[in-house]
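Read off the chains here:
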Amino acid sequence: FIYAHSWVKQRHALIRILRSEVHMSTEERGGSGPDPGAGVTIGATVPTGFEPTAAEEVGEKIGAEARIGKDRGRIYFRIGADKLPLVHRLRSVDNLFVVVAEYNNYQFKESKEETLLDLQKLASQLPWTIALEVWKMNNALKKKRGRRRGGNSSVLTPKGDVSKEGDTEADSPRPEDEEGRDEDGGGCAPAERDAADKPLKFRVTCNRAGDKHSFTSNDAARDFGGAVQEFFQWKADMTKFDIEVLLNIHNQELVVGIALTEESLHRRNITHFGPTTLRSTLAYGMLRLCRPQISDVIVDPMCGTGAIPVEGAIEWQQSFFIAGDNNDMAVNRTVNNTNHILKRRQEGGSSAPGLRMDTARWDLCRLPLRASSVDIIVTDMPFGKRMGSRKKNWDLYPSCLREMARVCRPATGKAVLLTQDKKCFAKALSRMGGLWRRSHTVWVNVGGLHAAVYVLKRTGWVHGAAAEDGAEGRGEGEEEELL
Ligand SMILES: C[S@@+](CC[C@H](N)C(=O)[O-])C[C@H]1O[C@@H](n2cnc3c(N)ncnc32)[C@H](O)[C@@H]1O
C-alpha cells in the first residue's frame, strides 16, 4: 500500500508540475527544452534497422506517434505521465530514457575549450524538473513492481566506463530478469537513497557520433558531468550511481536525457546463454515482421538457446512454437531457458499459462515435420563466423531453404531469416526454383556485423515440382539486389 501510495503521489506531483510549467516562459524553463504542457518525451534505443518496427509497436501499445531519430537505433515519442507503466511493456526497446532537452542544430564551437565551456554552462540552464520527476516516478514504479513480484528486483550493478564512443551495447551475456511483461531490469536503490536525503550518486554517459567535433565523448562527459555535479551537488560515481545522465551527440544534434533503465532490456528472457544468443529485442522485431496470427505454427529450426521461440511464446500466446537444433548443448539451453521462465512464473504466483512451445533435437535438412504444416519460420542462420563456417554454408543454405519450403504452407507461408552471409544466401535463394519470393529486407547490425533479415513468402509452387537452379525462379541478376 505504501508503495502504491507513493506512486500515486508522484504521479499527482508530476501532473501539478506539468500544469504549472505550461505557464513558464522558455527562458524560465532553461532554453529550448520541449514544451512540458504536451507531456514528456521518451527516447528509446532499439536494434538498428528495426526503428520502424519499434515505432509501430509504440503506436499500437501506447497510442503515441514515434519519430525515428537521425541517429540510427533511436526513436522518440511523447507521453502523458499516466502512460509511463505502458512504456515498460515495449518489447522492441533496449534502453529507455526521458528527454531533458533536445537541440536539432546545436552550434558546437570550433575550439574544444569553447565547446566544453558551452556544455558546462548548459548544465545549469536545462529544464531538469520534469525529467527528474519522471525519473522519480519511474523508480517508484519499479519498486512497486519489485514488491508485487516478491521483492526480487535486481540491484544496481557496475557498468563500465564514464563514456562510450558509438555503440552502447554491452556484449557480455549475463543472466537477467525473466520475461516479466512489466520488467525493466531496475533496482530500488535510488528511491531509498532519495528518501534518506543522501546526495544522489550520478554519472554522465556520452555517446557521440560525427567526425566534425573538436572534442571526444570523454571530454564532453567529464566537463558536462562536472557542471552537473556543481549544479545539483550530486556525487559522481561511475559504477554505483543512482542516476545516469545521458549526453547523446550526433553531428549537430544534441539530446540530454536521464536513463529509465539500468540495464538493456534485451537480456530479459535468457538465463542460459550460448555463443551466439540473439538479443530478445531483435528476436521480437523479427517475429513482428511476420505478424503471427492466432493458431499459427511457428518454427525456429536453428534455435540455439531459443531466444526467438521463447520471446515468441511469451508475446504471441495464441500461436504455437516449435524450436529445434542439431546441437545437444543448444537443445539443453533452450529447455533450460523455458524451464527457468516457468519456474520464475510459478514462484511469482503468476497465473499465466505455460509456454506453448516444444523443443526437439533435429537436423534442419530433414525436419520431422509434415509437408505444408508450418505457417511461419523465423530463424537466425549460422553466419559462418562464430558458428559454422562460410564453406559449410554453401551446402547448408540451399538444403535449408528447400526443406523449409517443404514444411511451409504454399501460398500463405512466410520465413524471416537472419544472416550475415548475404552472398551465400542470395545464391541459394536464386536456385530455389521459385519456391520463395522475397518480400523485403531489413538491414541490421548484429554485434557490429552488417547483417540482413530477409522476409520471404512461400509461393504457391508445390515442393518437388519446381525446377532447380533457377529454371522457374529468380535469375542470377537478383542476387546483386539481395546483397
Ligand atoms: C546463429 S545460431 C542460432 C542462435 C540462436 N538464435 C540463439 O539465440 O541462441 C545457429 C544455430 O544453428 C544450428 N545449426 C547449424 N546447422 C544445423 C542443422 N543442420 N540443423 C539444425 N541446427 C543447425 C547451430 O547448432 C546453432 O545453434
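Residues numbered from 1 in each chain as written. Predicted model: local features only at pLDDT ≥ 70, side-chain atom pairs only at ≥ 80, totals over all residues.

**As for the overall build of the protein**
Point 1. When helices and strands are tallied, the protein shows 13 helices and 15 strands.
Point 2. Within the protein, the proportion of its 483 residues that are buried is 48%.
Point 3. Here the contacts in the protein between residues at least 6 apart in sequence split such that 79% fall between residues at least 24 apart. (Helix = DSSP H or I, 4+ residues; strand = E, 2+ residues; numbered from the N terminus. Buried ≥ 20, exposed ≤ 12 C-beta atoms within 10 Å, placed from the backbone. Contact = placed C-beta atoms within 7 Å.)

**What about the site of the ligand?**
Point 1. In the vicinity of the ligand, 22 residues are found, and the nearest of them are Met 302, Gly 304, Thr 305, Ala 307 and Leu 364.
Point 2. Counted by class, the shell around the ligand contains 11 nonpolar, eight polar and three charged residues. (Near = placed C-beta within 6 Å. Nonpolar A, V, L, I, M, F, W, Y, C, P; charged D, E, K, R; others polar.)

**Thoughts on the packing of helix α8 (residues 280–289) against helix α9 (residues 307–315)**
Point 1. For the pair α8 and α9, interaxial distance at closest approach is 9 Å and the crossing angle is 65 degrees. In terms of orientation, α8 and α9 fall into the roughly perpendicular class. In terms of crossing hand, the pair formed by α8 and α9 is right-handed. Across the interface between the two elements, Ser 280, Ala 283, Tyr 284, Met 286 and Leu 287 of α8 pack against Ala 307, Ile 308, Glu 311, Gly 312 and Glu 315 of α9.
Point 2. Of the residues in the contact of α8 with α9, the class split is six nonpolar, two polar and two charged. (Axes fitted to C-alpha atoms, helices over the stretch in contact; angles between N-to-C directions. Parallel < 35°, antiparallel > 145°, perpendicular 65-115°, else oblique. Left-handed = near helix turned anticlockwise from the far one by under 90°.)

**Side note on unusual backbone geometry**
Point 1. The backbone phi angle of Gln 233 is positive, close to 60 degrees, even though this residue is not glycine.
Point 2. Within the fold, Gln 233 resides in the loop between α7 (217–232) and β6 (235–236).
Point 3. In this structure, Ser 295 is a non-glycine residue whose phi angle is positive, near 70 degrees.
Point 4. Ser 295 sits in the exposed class, given 9 other C-beta atoms within 10 Å.

**Some words on the environment of Gly 434**
Point 1. The residue Gly 434 is located in the loop between α12 (422–430) and β14 (436–446) in this model.
Point 2. Sequence-wise, Gly 434 and Arg 458 are 24 residues apart; in three dimensions their C-alpha atoms are separated by 8.8 Å.

**A closer look at helix α11 (residues 390–407)**
In an α-helix, one turn spans 3.6 residues, which is why side chains three or four residues apart end up on the same side.
Point 1. Taking 1.5 Å of rise per residue, 18 residues should cover 26 Å, and α11 covers 25 Å from first to last C-alpha, within 8% of that figure.
Point 2. Listed as buried for α11 are Asn 393, Leu 396, Tyr 397, Pro 398, Cys 400, Leu 401, Arg 402, Met 404, Ala 405, Arg 406 and Val 407.
Point 3. Contact partners of the buried residues in α11: β12 (376–380), β13 (414–419), α12, β14 and β15 (449–458). (Expected span 1.5 Å × (residues − 1).)

**A few points about the sheet that holds strand β3 (residues 74–79)**
Two modes of strand pairing occur in sheets, parallel and antiparallel, and in both the strands are linked by backbone hydrogen bonds.
Point 1. On the basis of which strands lie adjacent, the open sheet formed by eight strands has the order β2-β3-β1-β4-β8-β7-β5-β6 and mixed pairing. Both outer strands of the open sheet, β2 (67–68) and β6, are each paired with one neighbouring strand and no more.
Point 2. Pairing geometry for β2 and β3, over two bridges, is antiparallel. Bridging across to β3, Arg 67 finds its partner in Tyr 76.
Point 3. Packing against the sheet, α7 makes contact with β5 (201–209), β6 and β7 (243–250), and its axis sits at approximately 145 degrees to β5. (Pairing = 2+ DSSP bridges.)

**Quick word on the sheet that holds strand β11 (residues 357–361)**
Point 1. Here seven strands make up an open sheet; going across it, the order is β11-β10-β9-β12-β13-β15-β14 and the pairing mixed. Each having just a single partner strand, β11 and β14 make up the two edges of the open sheet. Recorded for the sheet is a direction-independent mean angle of 15 degrees between the axes of neighbouring strands.
Point 2. With five bridges joining them, strand β10 (residues 320–325) and β11 adopt parallel strand pairing.

**As for the pairing of β13**
Point 1. The buried count for β13 comes to six of six residues, which makes it a mostly enclosed element.
Point 2. Burial along β13 is two-sided: Lys 414, Val 416 and Leu 418 facing one way and Ala 415, Leu 417 and Thr 419 facing the other are all buried.
Point 3. The handedness of the β12 to β13 crossover, carried by α11, is right-handed.
Point 4. Bridge count between β13 and β15: six bridges; the pairing is antiparallel. Across the sheet, the residue bridging to Ala 415 is Leu 456, located in β15. (Right-handed = clockwise from strand over helix to strand, strands pointing away.)

**Some details on the pairing of β10**
Point 1. The element β10 is largely enclosed, with a buried count of five among its six residues.
Point 2. Judged from the four bridges that link them, strand β9 (residues 297–300) and β10 form a sheet pairing that is parallel. Each bridged residue has a counterpart across the sheet, and for Asp 300 the counterpart in β10 is Ala 323.
Point 3. Between the parallel elements β9 and β10, the chain passes through α9 in a crossover that is right-handed.
Point 4. Each parallel crossover has a hand, and the one from β10 via helix α10 (residues 328–347) to β11 is right-handed.

**Describing the environment of Ala 371**
Point 1. With respect to the helices and strands, Ala 371 occurs in the loop between β11 and β12.
Point 2. By the C-beta count within 10 Å, which is 15 here, Ala 371 ends up partly exposed.
Point 3. Spatially, the C-alpha atoms of Ala 371 and Met 404 are 9.3 Å apart, while their sequence positions differ by 33 residues.
Point 4. Apart from residues lying up to four places away in sequence, Ala 371 is in contact with Arg 406, Val 407 and His 463.

**Things to note about the environment of Arg 279**
Point 1. In this structure, Arg 279 sits in the loop between β8 (253–259) and α8.
Point 2. With 21 C-beta atoms counted inside 10 Å, the residue Arg 279 sits in the buried group.
Point 3. Linking Arg 279 and His 266, residues 13 residues apart in sequence, is a C-alpha distance of 5.2 Å.
Point 4. For Arg 279, the residues in contact, after removing those within four places along its chain, are Pro 47 and His 266.

**A look at the confidence of the model for the protein**
Detailed conclusions should not be drawn from predicted coordinates in areas where pLDDT is low.
Point 1. Averaged over every residue, the pLDDT of the protein is 82; residues scoring 70 or more account for 77%.
Point 2. Within the model, pLDDT remains below 50 along residues 18–37, and this stretch shows 28 contacts once partners closer than five positions in the same chain are excluded.
Point 3. Across residues 150–194, where pLDDT falls below 50, the model places 89 contacts with residues more than four positions away in sequence or in other chains. (pLDDT = per-residue confidence, 0-100.)

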